[in-house]
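Listed below are the residues making up each chain.
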Amino acid sequence: MILQSATISISPASSRACFGNLVSFPFEVIKNRIVMGDTANTPDIFSRIQIIEGMAGLYSGLIPSIMVSLIQTTGQEKLKKYFQERLVPDIEAPSDQDPPVPPIKPHNLVIYETISAACAGAAISFVVTPLQTLQLALQFGSGPEYLNAWNAFVAIWERYGLVGLYAGFLPGLISSLLVSASTWLTFSFLKQRYISSSSKSTLSAAKADRARLERQRGRRVLQLIMGIATSGIVASVVAAPFDVLRTRLVHDAITGGPLKTATMFDAVSKVVEEKGVLGLYAGIVAKCLRVGLYGVGSFVAAWGLERSFGFEQESN
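Source: prediction; values computed, not measured. (Residues numbered from 1 in each chain as written. Predicted model: local features only at pLDDT ≥ 70, side-chain atom pairs only at ≥ 80, totals over all residues. Heavy atoms only, no water.)

## Observations regarding the overall build of the protein
Point 1. Counting its secondary structure elements, the protein contains 12 helices and zero strands.
Point 2. The helix and strand sequence of the protein, counted from the amino end, reads α-α-α-α-α-α-α-α-α-α-α-α.
Point 3. Relative to its full complement of 316 residues, the protein shows a buried share of 44%.
Point 4. For the protein, contacts bridging at least 24 residues in sequence account for 76% of all contacts bridging at least 6.
Point 5. A total accessible area of about 17,100 Å² is found for the protein, and carbon and sulfur atoms account for 65% of it. (Helix = DSSP H or I, 4+ residues; strand = E, 2+ residues; numbered from the N terminus. Buried < 20%, exposed > 50% of the residue type's maximum accessible area, 1.4 Å probe, protein only. Contact = heavy atoms within 4.5 Å. Areas by Shrake-Rupley, 256 points an atom, 1.4 Å probe, with all protein chains shown as cover.)

## Some remarks on the pattern of salt bridges
Point 1. Throughout the structure, instances matching the rule amount to nine salt bridges.
Point 2. It is possible to trace a salt-bridge network through shared partners that takes in Glu28, Lys31, Asp243, Arg246 and Arg290. (Salt bridge = Lys/Arg side-chain N within 4 Å of Asp/Glu carboxyl O.)

## Topic: the confidence of the model for the protein
Point 1. Looking at the protein, the pLDDT average stands at 79 and 78% of residues meet or exceed 70.
Point 2. The lowest-confidence element of the protein is helix H9 (residues 200-205), averaging 46 in pLDDT; the highest-confidence one is helix H2 (residues 42-52), averaging 91.
Point 3. Confidence drops under a pLDDT of 50 for residues 1-10, and excluding neighbours within four residues, the segment shows three contacts in the predicted structure.
Point 4. Below pLDDT 50 for its whole length, residues 196-207 participates in six contacts with residues either more than four positions away or in separate chains. (pLDDT = per-residue confidence, 0-100.)

## Things to note about the nonpolar core
Point 1. Within the largest apolar cluster, 17 residues are counted, with the highest numbers of intra-cluster contacts made by Leu134, Ala137, Tyr146, Ala152, Ile156, Val250 and Ile254.
Point 2. Those elements giving two or more residues to this core turn out to be helix H5 (106-140), helix H6 (149-160) and helix H10 (210-255).
Point 3. In terms of residues, this core owes the most to one element, H5, which gives eight residues.
Point 4. Those residues within four positions of isoleucine 156 in sequence are excluded, and the remaining contacts are Thr133, Leu134, Ala137, Tyr146, Gly161, Gly164 and Leu165.
Point 5. Core analysis: the next-biggest nonpolar cluster, separate from the first, contains 16 residues, Ile30, Ile45, Leu58 and Ala282 among them. (Core = buried A, V, L, I, M, F, W, Y, C linked by side-chain atoms within 4.5 Å.)

## As for the packing of aromatic side chains
Point 1. Evaluation of the coordinates by the stated rule reveals six aromatic pairs.
Point 2. With a centroid separation of 6.4 Å and 20° between ring planes, the pair formed by phenylalanine 25 and tyrosine 59 is classed as stacked. With a gap of 34 residues between them, phenylalanine 25 in helix H1 (residues 2-35) and tyrosine 59 in the loop between helix H3 (54-58) and helix H4 (62-87) connect regions that are remote in the sequence.
Point 3. Using a relative accessible area of 22% as the deciding quantity, one classes tyrosine 59 as partly exposed.
Point 4. When the ring of tryptophan 150 is compared with that of phenylalanine 153, the centres are 5.6 Å apart and the planes differ by 25°; the resulting orientation is stacked. You can see tryptophan 150 and its partner phenylalanine 153 sitting in helix H6, three residues apart, about one turn around the helix.
Point 5. Note on phenylalanine 153: relative accessible area 28%, which makes it partly exposed.
Point 6. Three or more aromatic residues joined by ring pairs make a cluster, and in this case those are Phe126, Tyr166 and Phe169.
Point 7. Just above the ring of tryptophan 184 sits the side chain of lysine 80; from NZ or CZ to the centre is 4.1 Å. (Phe/Tyr/Trp six-rings, centres within 6.5 Å; stacked < 30°, edge-to-face > 60°. Lys NZ or Arg CZ within 6 Å of the ring centre and 35° of its normal.)

## What about a nonpolar patch on the surface?
Point 1. The grouping of Phe19, Leu22, Val23, Val285, Leu289, Leu293 and Val300 at the surface amounts to a nonpolar patch, some 530 Å² of accessible area in total.
Point 2. In terms of residues, the nonpolar patch owes the most to one element, helix H12 (residues 284-309), which gives four residues.
Point 3. Looking at the secondary structure, you find leucine 293 in helix H12. (Patch = residues over 30% accessible without salt bridge, like charges linked within 9 Å, V, L, I, M, F, W, Y side chains within 5 Å.)

## Brief notes about helix H11 (residues 264-275)
Point 1. The first and last C-alpha atoms of H11 sit 16 Å apart over 12 residues, in line with the 16 Å expected at 1.5 Å per residue.
Point 2. Downstream of H11 by one or two residues, glycine 276 has phi in the positive range, about 80°. (Expected span 1.5 Å × (residues − 1).)

## Quick notes on the environment of leucine 62
Point 1. Assignment of secondary structure puts leucine 62 in helix H4.
Point 2. A relative accessible area of 14% places leucine 62 in the buried class.
Point 3. Each C-alpha atom of the pair leucine 62 and glutamine 135 lies 7.1 Å from the other, and the pair is 73 residues apart in sequence.
Point 4. Not counting residues up to four positions away in its chain, the partners in contact with leucine 62 are Asn21, Leu22 and Phe25.

## Notes on H6
Point 1. A rise of 1.5 Å per residue sets the reference length of H6, with its 12 residues, at 16 Å; its end C-alpha atoms lie 16 Å apart and thus fit the reference within 8%.
Point 2. Those residues of H6 lying buried are Ala152, Ala155 and Ile156. Down the axis of H6, the buried side of the element spans an arc of 95°, and every buried residue falls inside it. Exposed residues on H6 whose side chains face more than 90 degrees from its buried face are Trp150 and Glu158. (Arc of directions from axis to C-beta.)

Okay, here's the thing in structure tokens:
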């Protein structure tokens, strides 16, 4: 029974992580190529990789990326609730003699939830940073030691130790914090708008025929998909500079580039010197496509499991 319960609980998360990465991961590879100096546009890079390296090139580093997504999917909501329980003030008076505590205002609750989401994202970054390093190592590393994730892990550990696995940790930490906070804040805003706009039709839906109810559900699903994609794109734009810095630092740490032992501030100076301020947003189009497609793909996978097998999606 324990094994069965664990399998049921992990199946939606693993399906979301796998399907979301399958439909979006090539744009992650393209984004990293652009960050490291490829001047071609996204379609040309896609075609070139497919012709020269095949599908293996477009999905180089996929396994670590799926593991990162799985950890983020299963841990984000649980950690957010953990931090929220400790950040949100108790709204119940401890005794009858104490004066009643006024309820938390909605906008203050959103702030508490956003801070909780940011703390959860920062905590998860401590776990997923080595996996993100392995993902980049498989894309940029040369030699037989970078043919698979395990060999890459052993090679980095033997050469650089724990410091190598956590290369680019600071910009990655800031990026995770910003992504979690901006994603939650944007999606909460959009979700509230959707709820308020559909509340008037909820009562009439009880008396409507089945076809009308299905149409309303279809519109709801479309609204959620658009909300997920939009919040992911907003988060990508907000955190893009730190994602660029992390990619540069990890790349040079693995390949022995000029930023091998540099700090985040050295990386900022180097990028701005080479490409200007817009260099901090290199690959932003591919990044937005990656995040938007991942959000849509993971939602569709979870929704399909719910419709087919009765698995429930985790609430956002």
